Amino acid sequence: MSELQINDEKCVLCRACISACPFGALEVVDKKLVVEDNCSLCGVCLNTCQFNALCIEKQENGLLDKNKWSDILVFVEHNEGKIQPVTYELIGKALKLIEGTSYKVYCLIVGYKITELAKELSYYNVEKNFIYDHKAFKNYREDIFCNVFQDCINVLMPAIVLIGGTDVGKSIAPAVATSFHSGLTADCTELILNEKLELVQIRPAFGGNVMAQIVTPNHRPQFATVRPSIMEEANRIKSPRNNIVNCKLDEKKLVSQIEVLKEKQMETKEGIQDAKILIVAGQGFKRKEDLWMVEELAMLLNGQVASSRALVEKGWMPYERQIGLSGKTVKPEAIITCGVSGSVQFMTGMKTSKTIIAINIDSDSPIFSIAHQSIAGDIYEILPKLIHQLKEIDKLANNKN
Ligand SMILES: Cc1cc2nc3c(=O)[nH]c(=O)nc-3n(C[C@H](O)[C@H](O)[C@H](O)COP(=O)(O)OP(=O)(O)OC[C@H]3O[C@@H](n4cnc5c(N)ncnc54)[C@H](O)[C@@H]3O)c2cc1C
């Protein structure tokens, strides 16, 4: 563990470090500069001090009593009054991880006027939902959200903290992990609990060429952000649990260094990750011109076209349409893969799709191992027939109308 040290003899109380600290973690008390416990050791203050009065002292890791840390805390992300799907995915994963252990799953939800969201959360099988509801949390502000996290973690002492790999998650997770002097594994695609109850955090490394297995043996909590759309969502239970805990944060910790001047809704273009139905082309296509088949099928089924990386590399498909480890992660209602072999990198990006239909000429193709419907055959025969039949169905429906 490390900590920020102040040399009182050198400090002239010029307050330059106080203005510079992004976390508001420095203040003068009784004519002395003091460090608050939300110091994240970012080091910004060191560069502003002209008197060499500050230093970060590295200390050897003390003996951490891991037995004091147990359970899993899930950060609940919400936007415009809706809990984001990644939250349910994290709860689903956390509930699976604790099976056969004494661990419990807790949720942390921060925001303003979020009682309804907390009520919705009580339909998921977690032990308790900690709710921090205050006007100060109307907008996401890293410093005070970090204070909330610290408050909650200090009380709960969770062994594991799971956060969605979203824009907010990627901002808050490193700040909180640093403030606990612990590690963070970002963008995990799989999580396992080993026999020592350590979280094995699995994520692609070296451009996806290896799947790294990362553990945090010496520090607690173990922090991980998880790629959205990769894990299975938790099931909603029939009756809500009485598990909402209203929490309050010290007034001082509600003061943010960040002022929100204006809110602007980002324009979002619908992409393959939003599609309910996806028709995916793979290298089974011999010529670019033949891709009309997937385009027509997508049009008839009101879906979108996507592809494996092989066709992106050939320049036949734009990168925004690529599914997989180095492309987009998708979770549509139905996905039809046409001439895709099912490499690990491809399947990582789509294996949680609700219904997977695979067409491949090779009956031993790996994609069939995850397909709900496997069609062993030639796309050049099957797709034109399928398109013809769908058009016939359309015609019949139109005649009826
Ligand atoms: C670091 C790294 C990251 C990667 N990231 C991704 C990624 O994000 N997404 C991705 O897709 N790949 C990715 N890859 C590449 C991946 O390893 C595969 O090379 C790629 O997925 C193969 O694409 P494919 O299935 O279309 O082609 P192939 O593997 O060549 O498969 C073509 C399939 O078509 C079938 N076929 C052939 N003719 C017909 C026919 N007439 N009718 C029906 N079936 C037919 C064949 O049996 C075969 O199974 C990555 C690789 C690396 C090293």
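Here, the structure is the one placed above.
What counts and what doesn't
Residues numbered from 1 in each chain as written. Predicted model: local features only at pLDDT ≥ 70, side-chain atom pairs only at ≥ 80, totals over all residues. Heavy atoms only, no water. Phe/Tyr/Trp six-rings, centres within 6.5 Å; stacked < 30°, edge-to-face > 60°. Helix = DSSP H or I, 4+ residues; strand = E, 2+ residues; numbered from the N terminus. Buried < 20%, exposed > 50% of the residue type's maximum accessible area, 1.4 Å probe, protein only. Lys NZ or Arg CZ within 6 Å of the ring centre and 35° of its normal. 1 Å grid on protein atoms, 1.4 Å probe; cavity = no way out; pocket = protein on both sides within 12 Å on 5 of 7 lines; lining within 4 Å. Points joined across faces, edges and corners; volume = space filled by probe spheres on them.

Draft legend 1. Inspection of the packing of aromatic side chains at higher detail. Inspection of every chain in the model, using the stated rule, returns seven aromatic pairs. Taken together, a centroid distance of 5.7 Å and an interplanar angle of 20° make the contact between Tyr106 and Phe130 stacked. Taken together, the positions of Tyr106 in strand β8 (residues 105–111) and Phe130 in strand β9 (residues 128–133) put the pair 24 residues apart, joining distant regions of the chain. Taken as a pair, Tyr106 and Phe130 share a single burial class, namely buried. For the pair Tyr140 and Phe145, a centre-to-centre distance of 5.0 Å together with 75° between the ring planes defines the contact as edge-to-face. Connected via pairs of aromatic rings, a cluster forms that spans Phe137, Tyr140 and Phe145. One Lys or Arg, Arg236, reaches over the ring of Tyr123 and ends 3.8 Å from the middle of that ring. The side chain of Lys314 reaches across the aromatic face of Trp316, ending 4.5 Å from its centre.

Draft legend 2. Looking closely at empty space enclosed by the protein. Evaluation of the coordinates by the stated rule reveals two cavities of 30 Å³ or more. Here the largest cavity defines a volume of roughly 100 Å³. In terms of lining residues, the largest cavity is bounded by 15 residues, among which Leu4, Cys21, Cys39, Cys42 and Cys45 are the most central. A volume near 80 Å³ is recorded for the second largest cavity. For the second largest cavity, the lining is made up of 13 residues, of which Cys11, Cys14, Arg15, Cys17 and Leu33 are closest to its centre.

Take it as geometry only, folks, not as evidence of what the structure does.
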